[in-house]
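Survey of secondary and tertiary structure
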Amino acid sequence: MPRSALVSLLAVALLAGPAAAAPVRPADDAEILASVPAGLGGGTGFRAAEAAHRAAPDDLDAAVAFARAAVEEGRTRSDPRFYGRAAAALAPWSAATDAPRDVRILRAVIAQAGHDFAAARAALDVLIGENPADLQARLSRASIRMVTGDGAGAAEDCAAVRDPRALLPATVCRARAAALVGQAEAGLAALRRAMSAVGTADPAQRRFAALVEAELLASLGRPEEAERVLAADAAGAGVPDLAARADLLLDLDRPDEVLALLDGHGDADVLLLARLRAAVALDDTRAADWTRLLSDRFAAAAEAGVALHRREEARFRLSVTGDAAGALALARDNWAVQKEVADTRLLLEAALAAGDPSAAEPALRHIRNTGLDDARLRPLVTRLQGENS
Amino acid sequence: MLRLALALGLGLAAAAPAAAHTQSYGYLTATLADGRVDGRLELAVRDLDALAGLDGDGDGSVTWGEVRARETELRSTILGMVAIGDEASPCALDPAPLAVDTHAGETYLVAGFSGACAPAGPIAIGYDALFDLDATHRGIVTVTADGETRTAVMTPDARSLALEAGGAWSTALTFVASGIHHIWIGYDHILFLVTLMLGAVVVRRDGRWQPVDGTGRALLEVARIVTAFTAAHSVTLALAALDVVRLPVPLIEAAIAATISLAALNTIWPLVTGRLWMLAFGFGLIHGFGFANVLAEVALPAGDLVTALLSFNVGVEIGQLAIVAVVLPVLVVAARTTLYPKVALPALSLVIAGIGFCWLVGRTLGVEILPIG
């Protein structure tokens, strides 16, 4: 089936509305209903922290330990429920303005994960004001500044992390910030030096460093190399790593590898979207079901007033259902809140697809002002400047 | 400790690029009719596992068998999260056998219930599921009573819902009352109306203010003003309440303050004379957005939206007319004195313009210059 016909079919399929399932009582005891973190003796230590917290809900240390474990679980699974669990665990200490630092920084991270960047930033500003050398707070604030498009400000926070034991995280931070102001090449070199200097670091640190290395390579127009970097460290990859690799494979026009890569890795929205884009490219028959599923998810979020999905929904409308105008509206709303390269790219692509090049103006101005020079954005910028002149 | 901090520093710093997620939702459906309630509460298996530890063998999968082993306990736990009926004494709910359903690709446990339920007063719905476990949980509640359906989203800060018994009429009355209340506490709207009325009882002739000929003229002029004001704010209230137009709250608040100053200044240095109703209309458009902001704090019933909006507007109009009924006779009498056009009118107008200006500055800068603002 030609791709355009499949897209139209998908768009029509959506008009039928969300799938209405009726409750049933399963017949088979072995039927699996849900997958959850594995219990004690297996898994990430999350269950142990959970049990300790449950046994003593008023114990601050147990709550903080559980909240940290939950936040890490939430990050690797790209699952907001875990951030919700962390927030609930910290609730007894959250109202006080003089809550312990550990609680306040965790709440800032949770706010950031919920895309409440203003609240997170405000909390971190206070924390850093009280203790300018707090490296957790510095790294978190740098991250928020990067998400909101302030690479220069992020670089300041990264530079404030001077503890030699934090060489790798600090260099990772600086490299990410450098890429936002057109210095990805220098950032990459520094990152690689640090990675070999630190040697066998904590696996989570190493994996995140590899993720950033791949991002820098992609921004320098070296996507094959980026994909190889991620492929080399595939063991224990979390959802963010898989999502990054899937996006690279889609850009490299290797959709079959996307389906193979993501098979059996759960249904986080971002992975579902990548699978769906691959399915559309391959005319795979599962595309219709996956389209309905994602569409139901977005509808449920809209119904509950949850606004975390604009980037994904914009990409969904742009690349799957062919709704360029809808995609542009979402891309603009999204860009008002966050300005990572992916968000900028989405806005530029949507503006072109919707035939409204002037909608991309804020992004073009941002690129000019910050010196951002990303290989993925360059062809879009050129086309838009051609259309605007 | 540092190792953990560094791992966390990286992990925490990496929290930003996380993409879209699967949120925790719950679905409560209930129908009240003929003295009975029937419905169900659906919660995700993953969430119930987090609450009650359903994965008995710890293998990372929750099976139907593991759920069935805890069925009785689960039924009562889940139904314990719901309260339907009289606020003080909710209806007793009998549990149905558990079932399984799917929403957006995720598996939910369905706890059906039924029971005798004929609340004497307004129907209260309490939804307290999982909020203390997961602060991001949201409950979608759909309740049908007296043939009308209402939907609401429950959050950690909003765990209960009150339905007015009696349907459309009671919605109308509730919102008429709400409209009256909101205009009477809307001192900036009142001040604007009063400002226009100050000028409505006089007319510019021979280069000075003179009382308007006859009470009838004054009444007509004020009627025009109030009607124009109401028409305009009804339009923008509807546009904003229905989310057709969205303007930032601080901008509107500041603009309302500006309309007061401008209306007051217009009384002293008249740019608009004789057609105050046009000023009332133009500025009324701005005030309508202000009403929408306060109406946003009152949950609008999804099924009765038009009734609610119309009733609210009627309430505002009634409230305005009440104010006019009090203020106008005073002004008509005052206008006949020599003091009014020469001294009182300009003085009052200047004071009002000053108040409006203080509010404008205060609302723009986010500070309180006057004791009320």
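Each remark here, short or long, concerns the structure printed above.
The structure displayed is predicted, hence computed values, not measured ones. (Residues numbered from 1 in each chain as written. Chains lettered and ligands numbered in written order. Predicted model: local features only at pLDDT ≥ 70, side-chain atom pairs only at ≥ 80, totals over all residues. Heavy atoms only, no water.)

Remarks on unusual backbone geometry
It is generally the case that most residues other than glycine have a negative phi and that most peptide bonds are trans. Unusually for a residue other than glycine, His115 of chain A sits at a positive phi of about 65°. Tracing the sequence through the fold places His115 of chain A in the loop between helix H5 (101–113) and helix H6 (117–130). Here the phi dihedral of Leu130 of chain B falls at roughly 70°; this positive angle occurs in a residue that is not glycine. (Helix = DSSP H or I, 4+ residues; strand = E, 2+ residues; numbered from the N terminus.)

Focus on helix H13 (residues 239–251) of chain A
All names here are of chain A. With 13 residues, H13 ought to run about 18 Å at 1.5 Å a step, and its terminal C-alpha atoms sit 18 Å apart, in line with that. Within H13, 10 of the 13 residues are buried, which leaves the element mostly enclosed by the surrounding structure. By the burial criterion, the buried members of H13 are Val239, Pro240, Asp241, Leu242, Ala243, Arg245, Ala246, Leu248, Leu249 and Leu250. In this structure, the buried residues of H13 make contact with helix H3 (60–77), helix H11 (203–219), helix H12 (223–232), helix H14 (255–262) and helix H15 (269–282). Residue Asp253 follows H13 closely and has a positive phi angle near 60°. (Expected span 1.5 Å × (residues − 1). Buried < 20%, exposed > 50% of the residue type's maximum accessible area, 1.4 Å probe, protein only. Contact = heavy atoms within 4.5 Å.)

Description of the nonpolar core
All names here are of chain B. Among the nonpolar cores identified, the biggest contains 44 residues, and Leu43, Val67, Ile84, Leu109 and Tyr127 are the most heavily contacted of them. For Tyr127, the contacting residues outside a window of four places in its chain are Gly26, Tyr27, Leu28, Leu41, Leu43, Met81, His137, Arg138, Gly139, Val141, Met154 and Arg159. Listed in part, the 39 residues of the second largest apolar core include Ile190, Leu191, Trp209 and Val222. (Core = buried A, V, L, I, M, F, W, Y, C linked by side-chain atoms within 4.5 Å.)

Points about the state of the cysteines
Residues and elements named next belong to chain B. As enumerated under the stated definition, the model contains 2 disulfides over all chains in all. Linked covalently through their sulfurs, Cys91 and Cys117 form a disulfide whose S-S length is 1.9 Å. Taking the sign of the torsion about the S-S bond as the criterion, the disulfide between Cys91 and Cys117, at about 70°, is right-handed. One end of the pair, Cys91, is in the loop between strand S4 (82–85) and strand S5 (94–95); the other, Cys117, is in the loop between strand S7 (106–116) and strand S8 (123–127), with 26 residues separating them in the sequence. For Cys91, a relative accessible area of 15% gives the class buried. For Cys117, a relative accessible area of 4% corresponds to the buried category. (Disulfide = S-S within 2.5 Å.)

Overview of the packing of helix H6 (residues 187–200) of chain B against helix H8 (residues 249–268) of chain B
When two helices pack together, their arrangement is given by the angle between the helix axes and by the axis-to-axis distance. Residues and elements named next belong to chain B. The N-to-C vectors of H6 and H8 enclose an angle of 15°; their axes lie 9 Å apart at closest approach. With respect to H8, the axis of H6 lies roughly parallel. For H6 against H8, the interelement crossing comes out left-handed. Side by side, H6 and H8 meet where Asp188, His189, Leu191, Phe192, Thr195, Leu196 and Gly199 of the first sit next to Glu253, Ile256, Thr259, Ile260, Ala263, Ala264 and Thr267 of the second. Considered class by class, the residues forming the contact of H6 with H8 number 7 nonpolar, 5 polar and 2 charged. (Axes fitted to C-alpha atoms, helices over the stretch in contact; angles between N-to-C directions. Parallel < 35°, antiparallel > 145°, perpendicular 65-115°, else oblique. Left-handed = near helix turned anticlockwise from the far one by under 90°. Nonpolar A, V, L, I, M, F, W, Y, C, P; charged D, E, K, R; others polar.)

A look at the interface of chain A and chain B
Note: interface size is frequently given as the accessible area lost on complex formation between the parts. Listed per partner, the contact involves 68 residues of chain A and 66 residues of chain B. Ranking the residues of chain A by area buried against chain B places Arg25, Leu33 and Arg81 of chain A at the top, with a combined share of 14%. There are 6 salt bridges connecting chain A and chain B. Ranked by the residues each element gives to the side of chain A that touches chain B, the list is headed by helix H4 (residues 80–90) of chain A, at 7 residues. Taken together, the residues of the side of chain A that touches chain B break down into 33 nonpolar, 11 polar and 24 charged. (Buried area = accessible area lost by both parts, 1.4 Å probe. Salt bridge = Lys/Arg side-chain N within 4 Å of Asp/Glu carboxyl O.)

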